Amino acid sequence: MKTLFPISAIVLVLSACSVHRQATVSEMDATSGIVRLTYGQAMLQNAKTDDYVVNGTATNACQQMGYATAFAYGQPITTCVSSSGPLCINESVTLLYQCRGIAVTPVAPAWN
């Protein structure tokens, strides 16, 4: 009983850990205007991303495909990457963004 308390206290403390992650572009589809960003999350972690930074990353990817901006849609998709028995040790979290608008590049006048 004495060893159970320290172990349960450690598990409780570790389960509350928030870890900041930076999502990177994993897939871009110009036809449908979808950008997927992913980041990893280990067991007992509560990974967080900065919405402003993630939206900027998605908007840059959309602009590379000719769109103006990106809007988040749907819920994050969590997939187990590696498991040990019934436990998932590492997860991959995918964020979906929809590209919208047409990026207009200004054209210099012909008389300059």
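Residues numbered from 1 in each chain as written. Predicted model: local features only at pLDDT ≥ 70, side-chain atom pairs only at ≥ 80, totals over all residues. Heavy atoms only, no water.

A. Expanded view of the state of the cysteines. Under the criterion given, the structure shown has two disulfides. The disulfide partner of Cys80 is Cys88, and the S-S distance across this bridge is 2.4 Å. Judged by the torsion about the S-S bond (115°), the Cys80/Cys88 disulfide is right-handed. Exposure remark for Cys80: the relative accessible area of 40% places this residue in the partly exposed category. Cys88 gets classed as partly exposed once you look at its relative accessible area, which sits at 23%. (Disulfide = S-S within 2.5 Å. Buried < 20%, exposed > 50% of the residue type's maximum accessible area, 1.4 Å probe, protein only.)

B. Representation of the side chain of Thr94 in the model. Residue position: Thr94 is located in strand 7 (residues 87–102). Apart from the residues lying within four places of it in its own chain, the contact partners of Thr94 are Arg36, Leu37, Thr38, Pro76 and Ile77. (Helix = DSSP H or I, 4+ residues; strand = E, 2+ residues; numbered from the N terminus. Contact = heavy atoms within 4.5 Å.)

C. The arrangement of the nonpolar core in detail. The biggest cluster of nonpolar side chains holds 16 residues, and the ones touching the most others in it are Val35, Leu95 and Tyr97. Dropping the residues within four chain positions of it, Tyr97 is found in contact with Gly33, Ile34, Val35, Leu37, Val54, Asn55, Ala58, Ala70, Phe71, Ala72 and Tyr73. (Core = buried A, V, L, I, M, F, W, Y, C linked by side-chain atoms within 4.5 Å.)

D. Layout of unusual backbone geometry. Positive phi outside glycine occurs at Leu44, with the angle close to 70°. Looking at the element boundaries, Leu44 is found in the loop between strand 3 (34–42) and strand 4 (46–48). Under the relative-accessibility criterion, Leu44 is labelled partly exposed at 40%.

E. Spotlight on the pairing of strand 2 (residues 24–29). With five bridges joining them, strand 2 and strand 3 adopt antiparallel strand pairing. Across the sheet, residue Met28 finds its bridge partner in strand 3, namely Val35. Hairpin connection from strand 2 to strand 3: four residues lie between these consecutive antiparallel strands, with Gly33 at a positive phi of about 70°. (Pairing = 2+ DSSP bridges.)

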